[in-house]
Amino acid sequence: MLLMLLLFACAAPEKTDDPWWSRAGVTLTPAGTEGAEIALDGDVLRGVAEAGAERAVLRLRWELAGEPQEEPVWWRQGWQSWSWSGVVALPEAGAAEPEAGGDGDTYSVVEETADTSWEAALLGVPGGPSLHVGALSAARGKVWLGVTAEELRIVWERPEGELEPVQLSAGDDPAALWGAWADRISGRSPGAPPTGWSDWYTWYGEATEADILRNLAAAEGLGLSLLQVDDGWERAWGDWEANAAFPSGTAALAAEIAGRGLTPGIWMAPLLVDRSTATYTENPGWWVREPGSGAGGPELMDGACDCATLDVTVPEAAAWLQAQIRAKVAEGWRYLKLDFLYAGAREGDRSEPLSGAAAYARATGLLRDAAGEDTWILACGAPMLPSVGFADSWRSGADIAFFIAPEPDRAFLRWQARSTAARSWANGRWWWNDADNLMLGADPAAALAAQAASGGVWMYGEDLEVLAAEAAAGGAGARADLMDLRGVRYTPESPLSAVSGIDGSPLLERAAPDDAVPVRWRGEDGTVVLLNLSDAPVETDGPGGTERISGAQAPAGRRTLAPGAGEIWAP
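Residues numbered from 1 in each chain as written. Predicted model: local features only at pLDDT ≥ 70, side-chain atom pairs only at ≥ 80, totals over all residues. Heavy atoms only, no water.

Visitor: How should the overall build of the protein chain be read in this particular structure?
Guide: Scanning the protein chain for helices and strands turns up twelve helices and 34 strands. Taking 571 residues into account, the globule formula puts the C-alpha radius of gyration at 25 Å, and the protein chain, at 24 Å, falls close to it. When the 571 residues of the protein chain are sorted by exposure, 60% land in the buried category. Sequence-distant contacts in the protein chain: of pairs separated by 6 or more residues, those separated by 24 or more amount to 71%. When the accessible surface of the protein chain is totalled, it reaches about 20,900 Å², and 51% of it is carbon and sulfur. Here the protein chain carries 41 positive and 83 negative side-chain charges, and the mean point of each set is 3 Å from the other. (Helix = DSSP H or I, 4+ residues; strand = E, 2+ residues; numbered from the N terminus. Rg over C-alpha atoms; globule rule 2.2 N^0.38 Å. Buried < 20%, exposed > 50% of the residue type's maximum accessible area, 1.4 Å probe, protein only. Contact = heavy atoms within 4.5 Å. Areas by Shrake-Rupley, 256 points an atom, 1.4 Å probe, with all protein chains shown as cover. Lys, Arg positive; Asp, Glu negative; His and termini not counted. Charge placed at Lys NZ, Arg CZ, Asp CG, Glu CD.)

What follows is the structure, encoded as C-alpha cells:
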C-alpha cells in the first residue's frame, strides 16, 4: 500500500491548487518536497529518504477556514525539558525561513526560535479551527516543524531509509488534539506520582549528610513518600561515589531514608563525565566526538561542566554506565533523577554511526535495563518524544530558582506555569509531569495553585524544618492536605489566547516579561484552579464552592484575582 502511495506521490506534480488534505476547517496543499518521497496514508505522512540525504522536507501551504476574530497562533514545543514551550504569534509575511536550533548543550536552548517546534506543534485560531502535526516515533531521526505566514514545513533530520511517521489532525479543541496524538503513543504506566523533598534549592550542591538527615527527621508527619538527594553528594560527574560531605556513604544514607518509611532518591548525570576523573583519563576511546571529526577528533563537550559525553555504542562504556546505575539501585536507591539526558541525543561521531536520536534510544534502553522496571526514573533535561516509554516522570520546565537568583520570583513561576500549560496534555498519558520543586516564596498561593495545575509530582524544595514550623504556626508551609490534587490531568482553558514571547530562560523572562499564563484550569475530577501570574488584576468566572488553600467559601460568579493570586476550588 505504501509503495503505491509513494508511486502516486512521485507521479503527481510538486505544486497544485487542489486540496490535498482537508479536515475540520483546515486545508493543506503540497508546495514541494526535498530529499524523500513522501505520501499521505490516511492521516499519517509516510515516506522513504533519498540515499545520502542530510534532511527530508515537506512544505505545505495551509489555510484555516472562516473569518476569525483573532489571528492564528502557533503552539510550539521546545527540544528538551528546559526549552521554551508555549503559544506564540505567527511570523509576519516575508520573515526569514524557519531553522530549528536548541538541540545541543545546556545553553543552546537560547537558539530556539518561535517559528519552529520539535516533534509536534499546533497551528490554530482561538475559538476556531486548529491543525495538529506530530511525529509518532523518534527512534531513528529528529523531526521538527517550521511555520511561516503561508507555509508549514515538516523536516526530518538525518533520515535513513523509512521516515518517522507524522500524524495530521484537525478540530476546534486544541487540548483535545494534543491529547489524541499523545494517546497514539504508548508510555509507561507508573503508580501515583510521588510526594517528596529535594535539597537542591536550599543548598545548591553544598548539602551535607547532616543536612539531609535533619530534613529527613523533619519530614515525619508531612505526608511525604520520597526524599531525594540532589547534585553535590558525588566526588565528580562520572565518579559516582560519595564525597567527604557524606562520610557514611550512599548505601548507609539510603538505609536511613528507607528506615523512616520513605523512598530513597538520588541525582545522577549518567551520560556526562568530568575530565578530571579516572573514568575519563583511563578510557580515551569512550567519548562522542564533534560531528565530522572522526575517531581522533575533539570530544563533544557540554556547557554545564568540563565534561565529555559518553559514547554508549562502545561496549565497555555501555557496561560501565549500567554498572553505575545497578550499584545505586543495589544500595536501595529506588528513585533516580537522571539529569542532562539531552547529551545522549546530540549529534556527533560515535563508535557506531548512529544518529543522535538512535543513540538516545540506545542510552535510555541501557539505563532502564540497569535500573529495573520497579525503579522510578525522573528524566530531566531530556528530549520529550524520545523519552516516552523510558521515564516515569518527566521534567516539564526549567528551574524555579538559580544559584545567582536563589529566591523564588513571580517571573520564574510564570515561566514554569506557561510551560506546564504547554505540556499539560502529556501528564497522566506518557508519564507524570514534574514542574520542578515547589518553592512557596512571596506568592505562596500562586505557587500552590500552579503546583496543583501541573497535576504531577509534588516535591518541596525549601528546608523542611522551616516548612513544618510555618505549617504548625498556621502559615503556608507544607500542605499535606493539598497533595491529593496530584495524579489529576488539568486542562488550561482558552490555551490559544495565552500568547507569549519566546525566551531562553526564566532569568530572561524576569528581565523582559512577556509570558502569558492561562487563568482557568479544569481538572478531570472537577477541581478548578484560578491563577494570575501577571502584574495586574484579572477578572474571571469563579466556580463557587470551597477554596482549598484558604478554606473560604463563595458562590459562583465573577472574581478579581490580584497579581500573584492562586485559588483551588473543590468540585
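Visitor: What should I look at first to understand the state of the cysteines in this one?
Guide: Two cysteines whose sulfur atoms are joined by a covalent bond form what is called a disulfide. Here the structure, examined in full by the defined rule, presents one disulfide. Covalent S-S linkage joins C305 and C307, the inter-sulfur distance amounting to 1.8 Å. A torsion of -130° about the S-S bond marks the disulfide between C305 and C307 as left-handed. Judged by its relative accessible area of 0%, C307 falls in the buried class. Of all cysteine sulfurs in the structure, the one in C305 sits closest to C380, which takes part in no disulfide; the separation is 14 Å. (Disulfide = S-S within 2.5 Å.)

Visitor: Got a minute to help me understand the side chain of Q324 in this structure?
Guide: Inspection of the secondary structure assignment puts Q324 in helix α7 (residues 315–331). For Q324, a relative accessible area of 18% corresponds to the buried category. Sequence-distant contacts of Q324, that is, excluding residues within four places in its chain, are made with W240 and M268.

Visitor: Sorry if this is basic, but what is going on with the sheet that holds strand β2 (residues 26–34) here?
Guide: Adjacent strands of a sheet form backbone hydrogen bonds with each other and so pair up, either parallel or antiparallel. With antiparallel pairing, the six strands of this open sheet are ordered in space as β1-β2-β5-β12-β11-β8. Each edge of the open sheet carries a strand with a single partner, namely β1 (21–23) and β8 (116–118). Pairwise comparison of adjacent strand axes, ignoring direction, gives a mean angle of 20° for this sheet. Where strand β5 (residues 55–64) meets strand β12 (residues 151–157), seven bridges bridge the pair, whose relative direction is antiparallel. If you follow V57 over to β12, its bridge partner there is V155. (Pairing = 2+ DSSP bridges. Axes fitted to C-alpha atoms, helices over the stretch in contact; angles between N-to-C directions.)

Visitor: Would you explain the environment of E465 in this entry?
Guide: Note that E465 resides in helix α11 (residues 464–472). Beyond its immediate sequence surroundings of up to four residues, E465 is in contact with R214, N215 and A218. At a separation of 2.6 Å, a polar atom in the side chain of E465 contacts the side chain of R214. (Polar contact = N/O pair within 3.5 Å; in protein donor to acceptor, adjacent residues only side chain to side chain.)

Visitor: I tried to follow the sheet that holds strand β20 (residues 301–302) on my own but got confused; where do I start?
Guide: In space, the three strands of this open sheet follow the order β19-β21-β20, with antiparallel pairing throughout. The sheet terminates laterally at β19 (272–274) and β20, the two strands that pair on one side only. Of the pairings in the sheet, the one linking β20 to strand β21 (residues 307–309) comprises two bridges and is antiparallel in character. Bridge assignment links D302 to a residue of β21, and that residue is C307.

Visitor: What's the story with the packing of aromatic side chains in this structure? I'm lost.
Guide: The geometry of an aromatic ring pair is captured by two quantities: the separation of the ring centres and the angle between the planes. Taken as a whole, this structure holds 25 aromatic pairs when the rule is applied. With 5.5 Å between their ring centres and 85° between their planes, F402 and F412 make a pair best called edge-to-face. Of this pair, F402 sits in the loop between β24 (393–395) and α9 (410–422) while F412 sits in helix α9, and the two are ten residues apart along the sequence. Its relative accessible area of 17% is what places F402 among the buried residues. (Phe/Tyr/Trp six-rings, centres within 6.5 Å; stacked < 30°, edge-to-face > 60°.)

Visitor: Honestly, the side chain of N283 in this entry has me stumped. Any pointers?
Guide: Residue position: N283 is located in the loop between α6 (278–281) and β20. Among the residues examined, N283 registers a relative accessible area of 18% and is labelled buried. Here T279 takes part through its backbone oxygen, which lies 2.7 Å from a polar atom of the side chain of N283.

Visitor: Would you take a moment to explain the nonpolar core for this structure?
Guide: Proteins that are soluble and globular tend to have nonpolar side chains buried together. Within the largest apolar cluster, 162 residues are counted, with the highest numbers of intra-cluster contacts made by I154, W430 and Y460. If you tally residues by element for this core, the top one is helix α10 (residues 444–454), at seven residues. Not counting residues up to four positions away in its chain, the partners in contact with W430 are W181, A182, I185, G187, R188, M384, L385, V388, A391 and W425. (Core = buried A, V, L, I, M, F, W, Y, C linked by side-chain atoms within 4.5 Å.)

Visitor: What should I look at first to understand the packing of α7 against helix α8 (residues 356–371) in this one?
Guide: How two helices pack is summed up by the angle between their axes together with the distance between the axes. Two elements in contact, α7 and α8, have axes whose closest approach is 8 Å; the angle formed by their N-to-C orientations is 35°. The interaxial crossing formed by α7 with α8 has right-handed handedness. For the pair α7 and α8, contact is made by A318, L321, Q322, I325, R326 and V329 and by L366, L367, D369, A370 and A371, respectively. Among the residues forming the contact of α7 with α8, the class breakdown is eight nonpolar, one polar and two charged. (Left-handed = near helix turned anticlockwise from the far one by under 90°. Nonpolar A, V, L, I, M, F, W, Y, C, P; charged D, E, K, R; others polar.)

Visitor: What exactly am I supposed to notice about the pattern of salt bridges here?
Guide: Should their charged atoms come close, side chains of opposite charge can pair. Tallied over the entire structure, the rule returns 42 salt bridges. A salt bridge links E493 to R522; the shortest N-O distance between them is 3.4 Å. You can see E493 sitting in the loop between β27 (490–492) and α12 (506–511) and its partner R522 sitting in strand β28 (residues 520–523), a full 29 residues away along the chain. Put simply, R59, E97, E151 and R153 are held in one network by salt bridges that share partners. (Salt bridge = Lys/Arg side-chain N within 4 Å of Asp/Glu carboxyl O.)

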